[in-house]
Amino acid sequence: MNTYFVEKAKMTLAGVSIRTTNEVEMGPDGGLPQLWETYFQSNIAGQVATVNPEYIYALYTDYESDASGAYTVVIGHEVAEERHLEGNQLEENGLEESELEESELEENELEKSELEKNELEENELEKSELEENELEENELEKNELEKNQLEESQLVENQLEENRLEESQFTYAVVPESKYMVFTTKKGPVFEVVAQAWGEIWAYFKESREARTYTGDFEIYDSRNFDPADTQVEIYIAIE
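Here's a quick rundown of the structure.

**Some points on the packing of aromatic side chains**
Step number 1: Using the criterion set out here, one finds 17 aromatic pairs in the structure.
Step number 2: Ring geometry for Y39 versus F40: centroids 5.0 Å apart, planes at 65°, classification edge-to-face.
Step number 3: Measuring from centroid to centroid gives 5.7 Å for F183 and Y204, while their planes differ by 75°, and the two rings are edge-to-face. One end of the pair, F183, is in strand β7 (residues 178–184); the other, Y204, is in helix α4 (residues 190–207), and 21 residues separate them in sequence.

**A closer look at the nonpolar core**
Step number 1: Residues I75, Y221 and I237 are the most contacted members of the largest nonpolar core, which totals 31 residues.
Step number 2: Looking at this core element by element, the count peaks at seven residues for α4.
Step number 3: Every residue in contact with I75, bar those within four places of it in the chain, is listed here: A14, G15, V16, L35, W36, Y39, I44, I56, Y57 and A58.
Step number 4: In terms of nonpolar packing, the next biggest core, distinct from the first, is built from 13 residues, M11, Y57, V182 and A238 among them.

**Quick word on the pattern of salt bridges**
Step number 1: Taken as a whole and assessed by the stated rule, the structure comprises four salt bridges.
Step number 2: Where D62 meets R19, a salt bridge forms, and the shortest distance between an N and an O atom there is 3.4 Å. With D62 in the loop between β4 (55–61) and β5 (71–79) and R19 in strand β2 (residues 11–20), this residue pair connects regions lying 43 residues apart in the sequence.
Step number 3: For K187, the salt bridge is made with D230, and the minimal N-O distance between the two is 4.0 Å. Of the two residues, K187 sits in the loop between β7 and α4 while D230 sits in the loop between β8 (217–222) and β9 (234–239), which places them 43 residues apart along the sequence.

**Focus on unusual backbone geometry**
Step number 1: For N43, which is not glycine, the phi dihedral falls at a positive 50°.
Step number 2: As for its position among the elements, N43 is in the loop between α2 (32–42) and β3 (50–51).
Step number 3: Unusually for a residue other than glycine, D62 sits at a positive phi of about 50°.
Step number 4: Classification of D62 as partly exposed rests on a relative accessible area of 49%.

What counts and what doesn't
- Residues numbered from 1 in each chain as written.
- Predicted model: local features only at pLDDT ≥ 70, side-chain atom pairs only at ≥ 80, totals over all residues.
- Heavy atoms only, no water.
- Phe/Tyr/Trp six-rings, centres within 6.5 Å; stacked < 30°, edge-to-face > 60°.
- Helix = DSSP H or I, 4+ residues; strand = E, 2+ residues; numbered from the N terminus.
- Core = buried A, V, L, I, M, F, W, Y, C linked by side-chain atoms within 4.5 Å.
- Buried < 20%, exposed > 50% of the residue type's maximum accessible area, 1.4 Å probe, protein only.
- Contact = heavy atoms within 4.5 Å.
- Salt bridge = Lys/Arg side-chain N within 4 Å of Asp/Glu carboxyl O.

Here it is in structure tokens:
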């Protein structure tokens, strides 16, 4: 296999997971094939915010000890928050007329005053009724607005709860910053070439100068050109 060295920053992955061992995976009860099926059915990239969703990671982490002990496998993705009259008679008549006019004027003024008062009362009543109606309308609008806001708030809360439930179905794993030795498999059926590559990796580190740290190793698959029958995979092994 071709190999090279690279340093990668810390990252967080979200995916589906199982706890297993190499011994179990070599037997008939291995869980990795089923885990891959679970991953493809989960639509993780459509449910959580991912970084470079085209890349699928198969992470090996939380090692119990080394390659011989238990470990957790996580398959998933990287994730990233407005008025005078003249004469006496005239004067008398004028006085009578004046008194009459004055009386009529007073009556008119009284009627006018009474009318204005009635109109004012009617206007005040209409104004009061209008204000009362506006107040009722405003209260209704306020209640309707509060109801709509409550419904929207409930919808948002329900959506957040659904998102939390969906996210709670996934395992989140932190992969620390590390130096890696990268092994590139040959091309072929994915399960065949990956299994063969891991066998060579285990054999290599038994005699190598490099030492594994077991802080998190992973395979990367590019979904844009992934062909299970003919693929090539890079396997990153964390080293000191």
